[in-house]
Amino acid sequence: MEREELVFKTEEKGIRLDQFLAKAYPEFSRSYYQKLIKDGLVYVDEKQTKKPSAKLKENQSIRLIIPPAQSLDVKPENIPLEIHYEDQDIAVIYKPPGMVVHPSPGHTSGTLVNALLYHFENVSQYGGRERAGIVHRLDKDTAGLMVVAKSEFAHKELQKQFQERTVDKRYKAIVVGIVQKDLGMIDLPIGRSIYNRQKMGTVSTNLRDALTEYWTEKRWENHNLSLVDIKLHTGRTHQIRVHFSQIGHPLLNDRVYGFKKSSLKSEISRKFSEEMNFHALVAYRLSFKHPRTGEKLDIQLKKLPEPIESYISIL
């Protein structure tokens, strides 16, 4: 990997430089950006600055140089892991909200990979130790099922299934507003937003096709919320979050893509929002062929994570 250069434009004043970078490009941790700044790899209005606490002004240009990736020192950690299926080749696990899938520079602890290295004697390192067993991803604040590869053979075969889009991925989400259609298709290409590198969007220099199918399960008129069942036909970063925001129904608690607490119409829904520290999206079902036997596996969560399960009953 060669070094990468990114350019950002500030939209607010008074924020620290290291905080701005961690918010604008969350792929890396704030401590990692502090090191880049001190190493002279960050420029504000084309002037090198080595002060992480430097306060920014509106409409300033920030140029960031990311050096070539280095191997990360990723260690096994005894992090609780909920396993729904396991054999010699694969495991299907539940990733809780708030857990990062794989490590990055400056963030090498507390990830799903750290947990996999501890719980499984053998786990595929086909993609490198820092991505041990990882075949696909979920956002940090998205809870749900993931299939991980324990053998290199399984890793390659599962990758092929994801690339050929034969894996059936199902999600449930609580979205703001009353979704009118019982069945809908959202066909909107998405890519990295040209306005904010933190976000994906439909205005980008690198748009890729993205197709989301959904069924409306429940409508709670008094709370201005709907429950939707979702099938992904493509697997773009933040796809569900972007697509539902684009049709005017951002996910409950997804402040990155348009959720506002003022859109909630009841005390129950406002309390729900306050008590839930993640956005209301759960990968509840995975269907795929076993990479070695060809057997069709269909793994589902028996219930949704709390407090979503309880609040659906309350609503």
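Below: a short report on this structure.

About the thresholds
- Residues numbered from 1 in each chain as written.
- Predicted model: local features only at pLDDT ≥ 70, side-chain atom pairs only at ≥ 80, totals over all residues.
- Heavy atoms only, no water.
- Buried < 20%, exposed > 50% of the residue type's maximum accessible area, 1.4 Å probe, protein only.
- Helix = DSSP H or I, 4+ residues; strand = E, 2+ residues; numbered from the N terminus.
- Pairing = 2+ DSSP bridges.
- Core = buried A, V, L, I, M, F, W, Y, C linked by side-chain atoms within 4.5 Å.
- Contact = heavy atoms within 4.5 Å.
- Phe/Tyr/Trp six-rings, centres within 6.5 Å; stacked < 30°, edge-to-face > 60°.
- Arc of directions from axis to C-beta.
- Axes fitted to C-alpha atoms, helices over the stretch in contact; angles between N-to-C directions.
- Salt bridge = Lys/Arg side-chain N within 4 Å of Asp/Glu carboxyl O.

### Quick notes on the pairing of strand β9 (residues 183-187)
In step 1: Taking every second residue as pointing to the same face, the buried face of β9 carries Gly184 and Ile186, while none of Leu183, Met185 and Asp187 on the other face is buried.
In step 2: Inspection of the sheet shows β9 paired to strand β12 (residues 211-220) by five bridges, in the antiparallel sense. Counted as the bridge partner of Met185 is Glu213 from β12.

### Focus on the nonpolar core
In step 1: In terms of nonpolar packing, the biggest core is built from 36 residues, with Val147, Ile174, Leu225, Leu252, Phe288 and Ile308 touching the most fellow members.
In step 2: Elements that contribute at least two residues to this core include exactly β6 (90-95), β7 (143-149), α4 (152-163), β8 (168-176), β13 (225-232), β14 (281-289), β15 (296-300) and α7 (308-314).
In step 3: Setting aside its immediate chain neighbours within four residues, Val147 contacts Ile90, Ala91, Val92, Gly133, Val135, His136, Leu158, Phe162, Leu286 and Phe288.
In step 4: By size, the runner-up hydrophobic cluster in this structure holds 33 residues, among which are Ile93, Val101, Leu138 and Phe244.

### Focus on unusual backbone geometry
What you tend to see is this: most non-glycine residues have negative phi, and most peptide bonds are trans.
In step 1: Geometrically, the link from Glu306 to Pro307 is a cis peptide bond, its omega value of 5 degrees lying close to zero.
In step 2: By the element assignment, Pro307 lies in the loop between β15 and α7.
In step 3: Backbone geometry at Glu46 places phi at a positive 65 degrees, although glycine is not the residue there.
In step 4: Relative to the elements of secondary structure, Glu46 occurs in the loop between β2 (42-44) and β3 (47-48).

### Digging into the pairing of β15
In step 1: The two faces of β15 differ: Leu297 and Ile299 on one face are buried, but Lys296, Asp298 and Gln300 on the other face are not.
In step 2: Counted between consecutive antiparallel strands, the loop separating β14 from β15 contains six residues, among which Gly294 sits at a positive phi close to 80 degrees.

### Let's talk about the packing of aromatic side chains
In step 1: A complete count under the given rule lists five aromatic pairs for this structure.
In step 2: Judged by centre distance (6.2 Å) and plane angle (85 degrees), the ring pair of Phe8 and Phe20 falls under edge-to-face. Here the residue Phe8 occupies a position in strand β1 (residues 4-9), and Phe20 occupies one in helix α1 (residues 17-24), the gap between them amounting to twelve residues.
In step 3: In this structure Phe8 comes out as buried when scored by relative accessible area, which is 5%.
In step 4: Here the aromatic rings of Phe8 and Tyr25 are separated by 6.2 Å at their centres, their planes lie at 50 degrees, and the arrangement is tilted. Separated by 17 residues along the polypeptide, Phe8 in strand β1 and Tyr25 in the loop between α1 and α2 (30-38) bring together distant segments of the chain.

### Describing helix α6 (residues 267-275)
In step 1: Those residues of α6 not exposed but buried are Ser269, Phe272 and Ser273. Projected down its long axis, α6 carries its buried residues within an arc of 100 degrees, all on one side. Exposed side chains of α6 directed beyond 90 degrees from the buried face belong to Glu267 and Glu274.

### Observations regarding the sheet that holds β3
In step 1: Taken in spatial order, the four strands make up an open sheet running β1-β4-β2-β3, and their pairing is antiparallel. Looking at the sheet topology across the chains shown, the edges are occupied by β1 and β3.
In step 2: Two elements, β1 and strand β4 (residues 61-66), share six bridges in a ladder whose sense is antiparallel. Paired with Val7 across the strands is Arg63, a residue of β4.
In step 3: On the sheet, α2 packs against β2 and β4 and is oriented at approximately 95 degrees with respect to β4.

### Things to note about the environment of Ile37
In step 1: Tracing the backbone through its elements, the reader meets Ile37 in helix α2.
In step 2: In this structure Ile37 comes out as buried when scored by relative accessible area, which is 0%.
In step 3: Along the backbone, Ile37 and Ile65 are 28 residues apart, and their C-alpha atoms lie at a distance of 9.5 Å.

### Regarding the pattern of salt bridges
In step 1: Here the structure, examined in full by the defined rule, presents 20 salt bridges.
In step 2: The shortest N-O distance in the salt bridge between Arg30 and Asp18 comes to 3.2 Å. You can see Arg30 sitting in helix α2 and its partner Asp18 sitting in helix α1, a full twelve residues away along the chain.
In step 3: Taking relative accessible area as the criterion, Arg30 reaches 34% and is therefore assigned partly exposed.
In step 4: For Asp18, a relative accessible area of 0% corresponds to the buried category.
In step 5: Arg236 is the partner of Asp209 in a salt bridge, and the nearest nitrogen-oxygen pair spans 2.9 Å. Of the two residues, Asp209 sits in the loop between β11 (200-201) and β12 while Arg236 sits in the loop between β13 and α5 (239-246), which places them 27 residues apart along the sequence.
In step 6: Assessed through its relative accessible area of 39%, Asp209 is described here as partly exposed.
In step 7: Here the residues in one salt-bridge network are Glu5, Glu46 and Arg63, joined through shared partners.

### Observations concerning α2
In step 1: Here α2 has its buried residues at Tyr32, Tyr33, Leu36 and Ile37. The buried residues of α2 occupy an angular sector of 140 degrees when the element is viewed end-on, so they sit on one face. For α2, the exposed residues lying more than 90 degrees away from the buried face are Lys35 and Lys38.
In step 2: Residues of α2 that are buried sit in contact with α1, β2 and β4.
In step 3: Phi turns positive one or two residues past the end of α2, at Gly40, with a value near 80 degrees.

Take it as geometry only, folks, not as evidence of what the structure does.
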